[in-house]
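Next come the chains, spelled out residue by residue.
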Amino acid sequence: MAGRADSTVLAGARVVLPTGTVENGRVTVEGTRIAGSAAEDARTLDLSGHWVVPGFVDMHNHGGGGASFTSGTVDEVLTGIRTHREHGTTTLVASTVTGEMDFLAHRAGVLSELVEQGDLAGIHFEGPFISPCRKGAHSEDLLRHPDPAEVRKLMDAARGTAKMFTLATELPGGIDSVRLLAEHGVIAAIGHTDATYEQTVEAIDAGATVATHLFNAMPPLAHREPGPIAALLEDERITVELINDGTHLHPAALELAYHHAGAHRVALITDAMDAAGFGDGLYQLGPLAVEVKDGVARLVEGNSIAGSTLTLDTAFHRAVTIDRIPVGDVVRSISANPARLLGVYDRVGSLEPGKDADLVVLDEDFALKGVMRKGEWVKEPRIV
Ligand SMILES: [Zn+2]
């Protein structure tokens, strides 16, 4: 029968399901999908001593493998996607950095084709509608106030593939832009912001649902001026992005966010730039020069952190081994939550029959051993 030869049973592993972890569990793969039961002639792969978890979903990522999603050719963008896949990210949203409006509209066209052919899950515009006070690694002279007409222009250029905009919602036009995005089912993310607590609450009430890399590029938490961090952490409507690379956040800040928001409201992201999965050296982030040294990316001028060189397998490993977050909670925040936010949880984000066979095999120390995407091994586990 057609498809039967493609049937594989992954057996003997600890399998993390939405309902909990199953010891000595089985995942059956038929063709590109997870199946409820195995064909008689199914091949069995013994994964005793390993974990099988859903493929990772990265909703904030600027590049990798030496390639930039903001400026690379289609082949370079595909190299970046492949690099992150080899590290377990089976669903990826490409993030752009601040550029000229016409340039970003052009990029939206290029990236939208990769969304349409299934290589990307969408586009995230980070900038230009952000605050000069919290610009991070974005070119100050290209920043603009959020203008619903310009947001609309980028949405149209992306032909329905825009999934998220990061905005400094306190700027003129910010709240109207949030409303426009929410009306169109596009995520309005609060980030690179200088907002007060009250201004942040107003943006959440207008429809913002994500905190772009919580703690980074926003005013710190202070007792008389709690700022955006308190407003974003306390509101059930917000999912907080966290960059767990050990550079952007102290482990105590990450644990505080997990404990206060709850694992159902955390999305682990990379915010990776070109050097992820590639190495130290000189790079460009949009128009700005970046030097990567010992895996830390900083602007050559100003020394600001300029994205990460993180891959999600490392974020997972750190969360479990350093931050002591329970495995099931890490799986929620690295797969299920971002998949839900992106509107693709019916296809990915958990190991359930009917969904894409996107999964990651980890050894007992949580080192990545295998990655499968749509039923095909991107990285085949070598089990001895
Ligand atoms: Zn970013």
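This structure is a prediction, so every number in the text was calculated from the model and none was measured. (Residues numbered from 1 in each chain as written. Predicted model: local features only at pLDDT ≥ 70, side-chain atom pairs only at ≥ 80, totals over all residues. Heavy atoms only, no water.)

1. Remarks on the sheet that holds strand S18 (residues 296-299)
Right, so step 1: One open sheet accounts for three strands, arranged S16-S17-S18; its pairing is antiparallel. In the strand order of this sheet, the two ends are held by strand S16 (281-285) and S18, each with one partner. Across the sheet, the mean angle from the axis of one strand to that of its neighbour is 35°, orientation sign disregarded.
Right, so step 2: Note: S16 against strand S17 (residues 288-293), five bridges, orientation antiparallel. (Pairing = 2+ DSSP bridges. Helix = DSSP H or I, 4+ residues; strand = E, 2+ residues; numbered from the N terminus. Axes fitted to C-alpha atoms, helices over the stretch in contact; angles between N-to-C directions.)

2. Some remarks on the coordination of the zinc ion
Six octahedral donors around a metal ideally sit at 90 or 180 degrees from one another, while four tetrahedral donors ideally sit at 109.5 degrees.
Right, so step 1: For the zinc ion, the full set of protein donor atoms is His60 (NE2), His62 (NE2), Glu126 (OE) and Asp271 (OD), at a range of 1.9 to 2.1 Å.
Right, so step 2: In the primary sequence, the donor residues of the zinc ion line up as H-x1-H-x63-E-x144-D. Here Glu126 is found in strand S10 (residues 122-126), whereas its partner Asp271 is found in the loop between strand S15 (266-269) and S16, with 145 residues between them in sequence. For the pair shown, Glu126 and Asp271 are each scored as buried. (Donors = N, O, S within 2.8 Å, 3.2 Å for Na, K, Ca; no water. Buried < 20%, exposed > 50% of the residue type's maximum accessible area, 1.4 Å probe, protein only.)

3. Some thoughts on the sheet that holds strand S9 (residues 89-96)
Right, so step 1: The strand order across the open sheet formed by eight strands is S6-S9-S10-S11-S12-S13-S14-S15, and the pairing between neighbours is parallel. Where the open sheet ends on each side, the last strands, each with one partner, are strand S6 (56-61) and S15.
Right, so step 2: In terms of strand pairing, S10 meets strand S11 (residues 162-167) through four bridges, oriented parallel. Across the sheet, the residue bridging to His124 is Met164, located in S11.
Right, so step 3: Against the sheet, helix H2 (residues 101-116) contacts S9 and S10, and its axis sits at roughly 155° relative to S10. (Contact = heavy atoms within 4.5 Å.)

4. Examining the layout of surface pockets
Right, so step 1: Of the voids in this model, the largest pocket is the one considered here, and its volume is about 270 Å³.
Right, so step 2: Taken together, 18 residues form the lining of the largest pocket, with Thr91, Gly118, Leu120, Ala121 and Arg347 sitting closest to its centre.
Right, so step 3: Tallying contributions element by element places S9 first for the lining of the largest pocket, with three residues.
Right, so step 4: Here the residues of the lining of the largest pocket are counted per class, giving six nonpolar, five polar and seven charged. (1 Å grid on protein atoms, 1.4 Å probe; cavity = no way out; pocket = protein on both sides within 12 Å on 5 of 7 lines; lining within 4 Å. Points joined across faces, edges and corners; volume = space filled by probe spheres on them. Nonpolar A, V, L, I, M, F, W, Y, C, P; charged D, E, K, R; others polar.)

5. Here's the deal with the UniProt feature "domain: Amidohydrolase-related" (unreviewed entry) in the chain
Right, so step 1: Under the feature "domain: Amidohydrolase-related" (unreviewed entry), the UniProt entry names residues 51-378.
Right, so step 2: Here residues 51-378 is 31% helix and 23% strand, with 17 Å between the C-alpha atoms at its ends. (UniProt positions renumbered as here; feature names shortened; annotations may be inferred.)

6. What about the UniProt feature "binding site: Zn(2+)" (unreviewed entry) in the chain?
Right, so step 1: Feature annotation in UniProt places "binding site: Zn(2+)" (unreviewed entry) on Glu126, His192 and His213, given in this structure's numbering. On the basis of their most widely separated C-alpha atoms, the annotated residues across 88 residues gather in one place, lying no more than 11.2 Å apart.
Right, so step 2: With a relative accessible area of 2%, Glu126 lands in the buried category.
Right, so step 3: With near-sequence residues (within four places) excluded, Glu126 lies in contact with His60, His62, Thr96, Val97, Thr98, His138, Thr166, His192, Thr212, His213 and Asp271.
Right, so step 4: Among the polar contacts listed, one links the side chain of Glu126 to the side chain of His60, at a separation of 3.1 Å.
Right, so step 5: By the element assignment, His192 lies in the loop between strand S12 (187-190) and helix H5 (197-206).
Right, so step 6: Taking relative accessible area as the criterion, His192 reaches 5% and is therefore assigned buried.
Right, so step 7: Other than its neighbours up to four places away in sequence, His192 contacts Glu126, Ile130, Ser131, Arg134, Lys135, Gly136, His138, Thr166, Ala168, His213 and Ala217. (Polar contact = N/O pair within 3.5 Å; in protein donor to acceptor, adjacent residues only side chain to side chain.)

7. Details of helix H3 (residues 148-157)
Right, so step 1: Considered for burial, the residues of H3 that qualify are Glu150, Val151, Leu154, Met155 and Ala157. The buried residues of H3 all sit within an arc of 165° when viewed along its axis, so they share a single face.
Right, so step 2: With a side-chain oxygen positioned 2.8 Å from the backbone nitrogen of Ala149, the residue opening H3 is Asp147.
Right, so step 3: Following H3 by one or two positions, Arg159 adopts a phi angle in the positive range, close to 50°. (Arc of directions from axis to C-beta.)

8. Re helix H4 (residues 174-183)
Owing to its 3.6 residues per turn, the α-helix brings residues three or four apart onto one side.
Right, so step 1: Taken together, the buried positions of H4 are Gly174, Ile175, Ser177, Val178, Leu180 and Leu181.
Right, so step 2: Next to the buried residues of H4 lie H3, S11, S12 and H5.
Right, so step 3: Looking at the residues trailing H4, positive phi occurs at Gly185, about 70°.

9. Let's talk about the pairing of strand S14 (residues 239-243)
Note on strand geometry: in a regular strand, side chains alternate between the two faces of the sheet.
Right, so step 1: Most of S14 is tucked away: five of the five residues are buried.
Right, so step 2: Here S14 shows a buried face lined by Thr239, Glu241 and Ile243 and a second buried face lined by Val240 and Leu242.
Right, so step 3: Bridging between S14 and S15 involves four bridges; their strand directions are parallel. Directly across from Ile243, in S15, lies its bridge partner Ile269.
Right, so step 4: Taking the sense of rotation as the criterion, the β-α-β connection linking S14, helix H7 (residues 251-261) and S15 turns out right-handed. (Right-handed = clockwise from strand over helix to strand, strands pointing away.)

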